[in-house]
Amino acid sequence: MILSTCFYIDNTGWFKEQFELSRCLFNQARYFFRDYYDKNKAVMRENDLEKVLRTQDTKLNYYRKLCKAKLAQMIVISLYQNYSSFFNAIKEFKVHPEKFNGEPKAPK
């Protein structure tokens with residue numbers, strides 16, 4: 001016999017708000033990361049990016065609006081994993097372009 005537990009999440013406004021804040025934080029972090037990379041041709045460190053996101057004084061500080069700091073940190077970590085894979089794919093593309101259908105594109 002297989003026992004399982006089902007969890008039902010209410011479709012409340014709070015969850016929708018947290019999902020929207022997570023999406024906005026990812027886009028905001030991606031903007032700062034990309035802007036820094038375009039200006040300096042170097043990768044911004046993860047701690048520096050979190051510091052920039054944490055210390056914004058605007059209404060658009062999604063890092064502070066999220067319910068848990070751990071969630072915000074995991075979003076930044078996932079951004080770095082995406083870009084790490086992207087940079088590795090570019091290196092591999094330069095060595096073996098026949099493995100790819102086209103040049104790798106930056107994460108969205």
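Report follows, based on the coordinates.

Brief notes about the pattern of salt bridges
Right, on to step 1. Throughout the structure, instances matching the rule amount to 5 salt bridges.
Right, on to step 2. Here Lys39 and Asp35 are joined by a salt bridge, their closest N and O atoms 3.4 Å apart. Placement of both Lys39 and Asp35 in helix 1 (residues 13-40) is noted, with a separation of 4 residues, approximately one turn of the helix.
Right, on to step 3. For Lys39, a relative accessible area of 64% puts it in the exposed group.

Notes on helix 2 (residues 46-54)
Right, on to step 1. Every buried residue of helix 2 is accounted for by Leu49, Glu50 and Leu53. Buried residues in helix 2, looked at end-on, bunch into an arc of 100°, giving them a common side. Within helix 2, the exposed residues directed more than 90 degrees away from the buried face are Asn47 and Lys51.
Right, on to step 2. Turning to helix 2, the residues buried within the fold contact helix 1, helix 3 (62-65) and helix 4 (69-95).

Here we look at the packing of aromatic side chains
Right, on to step 1. Taken as a whole and assessed by the stated rule, the structure comprises 9 aromatic pairs.
Right, on to step 2. Note on Tyr37 and Phe87: the rings are 5.4 Å apart at their centroids and 40° apart in plane angle, and the pair reads as tilted. Remark: Phe87 occurs in helix 4 and Tyr37 occurs in helix 1; sequence separation between them is 50 residues.
Right, on to step 3. Within the aromatic cluster, the residues linked to one another by ring pairs are Phe33, Tyr37, Tyr80, Tyr83, Phe86 and Phe87.

Here we look at the nonpolar core
Right, on to step 1. Ranked by size, the top nonpolar core spans 20 residues in total, and within it Leu25, Phe33, Leu49, Leu53 and Leu79 carry the most contacts.
Right, on to step 2. At the level of elements, helix 1, helix 2, helix 3 and helix 4 are the ones that each hand at least two residues to this core.
Right, on to step 3. No other element matches the 8 residues that helix 4 contributes to this core.

Some words on unusual backbone geometry
Right, on to step 1. Phi at Lys41 takes a positive value of approximately 55°, unusual for a residue other than glycine.
Right, on to step 2. You can see Lys41 is positioned in the loop between helix 1 and helix 2.
Right, on to step 3. By relative accessible area, Lys41 is classed as exposed at 62%.

Observations regarding helix 4
Right, on to step 1. Across its 27 residues, helix 4 extends 40 Å between first and last C-alpha, which sits within 8% of the 39 Å expected from 1.5 Å per residue.
Right, on to step 2. Regarding helix 4, the residues found buried are Ala72, Ile75, Val76, Leu79, Tyr80, Tyr83, Phe86, Phe87 and Ala89.
Right, on to step 3. Considering only its buried residues, helix 4 is in contact with helix 1, helix 2 and helix 3.

Criteria and thresholds
- Residues numbered from 1 in each chain as written.
- Predicted model: local features only at pLDDT ≥ 70, side-chain atom pairs only at ≥ 80, totals over all residues.
- Heavy atoms only, no water.
- Salt bridge = Lys/Arg side-chain N within 4 Å of Asp/Glu carboxyl O.
- Helix = DSSP H or I, 4+ residues; strand = E, 2+ residues; numbered from the N terminus.
- Buried < 20%, exposed > 50% of the residue type's maximum accessible area, 1.4 Å probe, protein only.
- Arc of directions from axis to C-beta.
- Contact = heavy atoms within 4.5 Å.
- Phe/Tyr/Trp six-rings, centres within 6.5 Å; stacked < 30°, edge-to-face > 60°.
- Core = buried A, V, L, I, M, F, W, Y, C linked by side-chain atoms within 4.5 Å.
- Expected span 1.5 Å × (residues − 1).

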